[in-house]
Amino acid sequence: MKSVDAHLAEILATVRPLAPLEVDLEGALGTTLAEEVSSPVPLPPFDNSAMDGYAVRAADVAAVPVTLPVIDDVAAGSDELRAVGPGHAVRIMTGAPVPAGADTVIPVEWTDGGTASVRIERSAAAGNAIRRAGEDVQAGEVVLKPGTVIGPAQLGIIAGVGRRRVTVRPRPRVVVLSTGAELVDPGNPLGPGQIWDSNSYTLSAAVRAAGADGFRVGSVGDDPAAFLDTLDTHLVRADAVVTSGGVSMGAYEPVKEALTPLGTVRFEKVAMQPGMPQGFGVLGDDRVPIFALPGNPVSSFVSFMLFVRPALDRMRGLPPGPPATVAARTAAPLRSPAGKRSFLRGVLGADGVVAPVHGQGSHQLAALAAANALIVLPEDVTEVPEGGAVEVIRL
């Protein structure tokens, strides 16, 4: 059997980062920056007030209490030039430009809030409650580098430096479909021998959680021709395809029967539990990667975490690699078959102790839903005693 590491290495050697494109800010969330973003101006671009209050000269409030005449108001967005002379105050709002001559802002809470004159109860040193021009960003300074994933804060600074469009590697578009004549879409009644399709929902959600756009096609039956027709219909909008089911050694394996003759998709046994049957390859002139995962719900989800998610990272322009692990100690004895890397479902506590969940079958989706970690047992480990050291992948 092929090792987990060898299978992932083949996948990562095949997939490529998506080509950069320019998008509006509204479409940039979750994409990966493909250019440097710098500020054309200092931020803030002018000295402004950090609070509602009164712009004054610090020397005039050195001895308090003191009452000063209020000679003007200045609001945020004001473009009028104002000045404060000795012994005077200007009422100022948060974000408003600091008038010439003023070197400190007294918060309104330290005053009686007067409009014609103001009684100031506390003094303040020069610079109090003033945001200086350029204290956040200097003109020409790089604020974001290529390879940065654009979240809300990153989107904010792109807008904050005046950019309306930005060059990014887009979120991969991933078509997800499951196979099996026994599958029924949730919400519909079950007939004899039928089960509700959970894989297409689980995997399309996993795609979105991995920073890509998941397009759930649903399920197709066990007819290879129907599977190929469905695939052809949706391939035009796909940067990658994820299927579940139809890859084992038995009869009625539509994915394997449909794709093997193409010569660009390989089906192999990978030395892992759960998830031994795996298929991977490329489709069409654009060489769209396809991940043919096993049909058992836990097997397909574990396979996604180990193989598809790292591939999506690479497509997004991020550093790819196996899922990160953390050290833990097991709350119970563990067993694993020799020669296979096992991924047991468990609950990792804040104390670093991981407890395997009840129900480790590859069909037991409820047990997976109760887990927050995968306990990794290497190929050469068959037993781990209670309290033994293990590595876990956080879910």
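Provided above is the structure to which this section pertains.
Thresholds, definitions, all that
Residues numbered from 1 in each chain as written. Predicted model: local features only at pLDDT ≥ 70, side-chain atom pairs only at ≥ 80, totals over all residues. Heavy atoms only, no water. Pairing = 2+ DSSP bridges. Helix = DSSP H or I, 4+ residues; strand = E, 2+ residues; numbered from the N terminus. Axes fitted to C-alpha atoms, helices over the stretch in contact; angles between N-to-C directions. Buried < 20%, exposed > 50% of the residue type's maximum accessible area, 1.4 Å probe, protein only. Arc of directions from axis to C-beta. Contact = heavy atoms within 4.5 Å. Parallel < 35°, antiparallel > 145°, perpendicular 65-115°, else oblique. Left-handed = near helix turned anticlockwise from the far one by under 90°. Nonpolar A, V, L, I, M, F, W, Y, C, P; charged D, E, K, R; others polar. Salt bridge = Lys/Arg side-chain N within 4 Å of Asp/Glu carboxyl O.

**Brief notes about the sheet that holds strand β9 (residues 117-120)**
Argument step 1. Read from one edge to the other, the open sheet built from five strands follows the order β8-β5-β7-β6-β9, with strand pairing classed as mixed. Because the sheet does not close on itself, it has two edges, and the strands there are β8 (104-107) and β9. Taken pair by pair, the neighbouring strands of this sheet meet at an average axis angle of 40°, ignoring direction.
Argument step 2. Both strand β6 (residues 66-74) and strand β7 (residues 89-92) contribute to a ladder of four bridges, which runs parallel. Among the inter-strand pairings, V74 is bridged to a residue of β7, identified as I92.

**A look at helix α3 (residues 199-209)**
Argument step 1. Three or more residues of α3 are buried, namely N199, S200, L203, S204, A206 and V207. All buried residues of α3 lie within an arc of 155° about the axis, which places them on one face of the element.
Argument step 2. Looking at the buried positions of α3, the neighbouring elements they touch are β13 (173-179), β16 (213-220), β17 (240-244), β21 (288-293) and α6 (297-315).
Argument step 3. Positive backbone phi, at 90°, marks G211, one or two positions downstream of α3.

**Regarding the packing of α3 against α6**
Angle between the axes and distance between the axes: these two values describe a pair of packed helices.
Argument step 1. Here α3 crosses α6 at 25°, and the two axes come no closer than 10 Å. Viewed along their axes, α3 and α6 adopt a mutual orientation that is roughly parallel. Between α3 and α6 lies a crossing whose hand is right-handed. The residues of α6 that touch α3, namely those facing N199, T202, L203, A206, V207 and A209, are P297, S300, F301, F304 and R309.
Argument step 2. Residue composition of the contact of α3 with α6, grouped by class: seven nonpolar, three polar and one charged.

**Details of the pattern of salt bridges**
Argument step 1. In total, this model carries 19 salt bridges according to the counting rule given.
Argument step 2. With a closest N to O distance of 2.8 Å, R91 and D73 form a salt bridge. Of this pair, R91 sits in strand β7 while D73 sits in strand β6, and the two are 18 residues apart along the sequence.
Argument step 3. A relative accessible area of 24% places R91 in the partly exposed class.
Argument step 4. Notably, a salt bridge pairs D239 with R173, separated by 3.1 Å at the nearest N-O pair. Taken together, the residues D239 in the loop between α4 (224-235) and β17 and R173 in strand β13 connect sequence positions 66 residues apart.
Argument step 5. D239 gets classed as buried once you look at its relative accessible area, which sits at 17%.

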